[in-house]
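Listed below, chain by chain, are the residues.
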Amino acid sequence: MKVRIPGAQGGGNMNSMLKQAQKMQEDMAVLQDELAVKEYTAVSGGGVVNVTVDGSHKIKKLTIDPDILSADDAEMVEDLITVAVNEAIEKASSDASEQMSALTGGLNLPGMF
């Protein structure tokens, strides 16, 4: 007994869908590789702290203006670093989400990035 699915038009459409899914998967792998090497920089404290992270959220560079370094300012410097790191990571995450969404046409693919 053959089961007919309304709207189905045979194996050709399934093969086409599978090819499209495979192409999307390949494109996503390329995009993930590209995003991993991109760098995102954030600044805090009016430019006294600069942080650069890569697409994998690893800190690549941290610069601190030496004029703000003193024992009395340690807590402030820690706060500025935290703000800059979090902002740089948010930039990387946001860019990855935008790029993946553009690639997948807005499909929600949990766990893909």
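The structure we're discussing is the one just above.
Read on for an overview of the structure. On a predicted model such as this, the values are computed, not experimentally measured, just so you know.

**Focus on the overall build of the protein**
- Along the protein, the regular secondary structure elements total two helices and three strands.
- Moving toward the C terminus, one meets the helices and strands of the protein in the order α-β-β-β-α.
- Within the protein, buried positions represent 20% of all 113 residues.
- Sequence separation of 24 or more characterises 50% of the internal contacts of the protein that already satisfy a separation of 6 or more.
- Accessible area of the protein: about 8,100 Å², with a carbon and sulfur share of 54%.

**Re the sheet that holds strand β2 (residues 49-54)**
- One open sheet accounts for three strands, arranged β1-β2-β3; its pairing is antiparallel. What marks the edges here is a single partner per strand, and that holds for β1 (39-44) and β3 (59-64). Neighbour-to-neighbour, the strand axes of the sheet open up by a mean angle of 10°, direction not taken into account.
- Relative to β2, β1 runs antiparallel, the two sharing six bridges. Considered in β2, the bridge of A42 is made with V51.
- Sheet strands touched by helix α2 (residues 74-104): β1, β2 and β3. Its angle to β1, the strand with the most contacts, is close to 145°.

**Quick notes on unusual backbone geometry**
- One non-glycine residue with positive phi stands out, namely H57, at about 70°.
- Of note, H57 is situated in the loop between β2 and β3.
- Note on H57: relative accessible area 34%, which makes it partly exposed.

**Examining the side chain of D95**
- Topologically, D95 is positioned in helix α2.
- Residue D95 is classed as buried on the basis of its relative accessible area of 13%.
- Of note is the side chain of D95, whose polar atom sits 2.5 Å from the side chain of Y40.
- Those residues in contact with D95, other than ones at most four positions away along the chain, are L35, K38 and Y40.

**Notes on the pattern of salt bridges**
- Enumeration according to the criterion identifies three salt bridges in this entry.
- With a shortest N-O distance of 2.7 Å, D95 and K38 are connected by a salt bridge. Taken as a pair, D95 in helix α2 and K38 in the loop between α1 (11-37) and β1 lie far apart in primary sequence, 57 residues in all.
- For E87, the salt bridge identified is with K91, shortest N-O distance 4.0 Å. In this pair, E87 and K91 are both assigned in helix α2, four residues apart and thus about one turn of the helix distant.

The rules behind the values
Residues numbered from 1 in each chain as written. Predicted model: local features only at pLDDT ≥ 70, side-chain atom pairs only at ≥ 80, totals over all residues. Heavy atoms only, no water. Helix = DSSP H or I, 4+ residues; strand = E, 2+ residues; numbered from the N terminus. Buried < 20%, exposed > 50% of the residue type's maximum accessible area, 1.4 Å probe, protein only. Contact = heavy atoms within 4.5 Å. Areas by Shrake-Rupley, 256 points an atom, 1.4 Å probe, with all protein chains shown as cover. Pairing = 2+ DSSP bridges. Axes fitted to C-alpha atoms, helices over the stretch in contact; angles between N-to-C directions. Polar contact = N/O pair within 3.5 Å; in protein donor to acceptor, adjacent residues only side chain to side chain. Salt bridge = Lys/Arg side-chain N within 4 Å of Asp/Glu carboxyl O.

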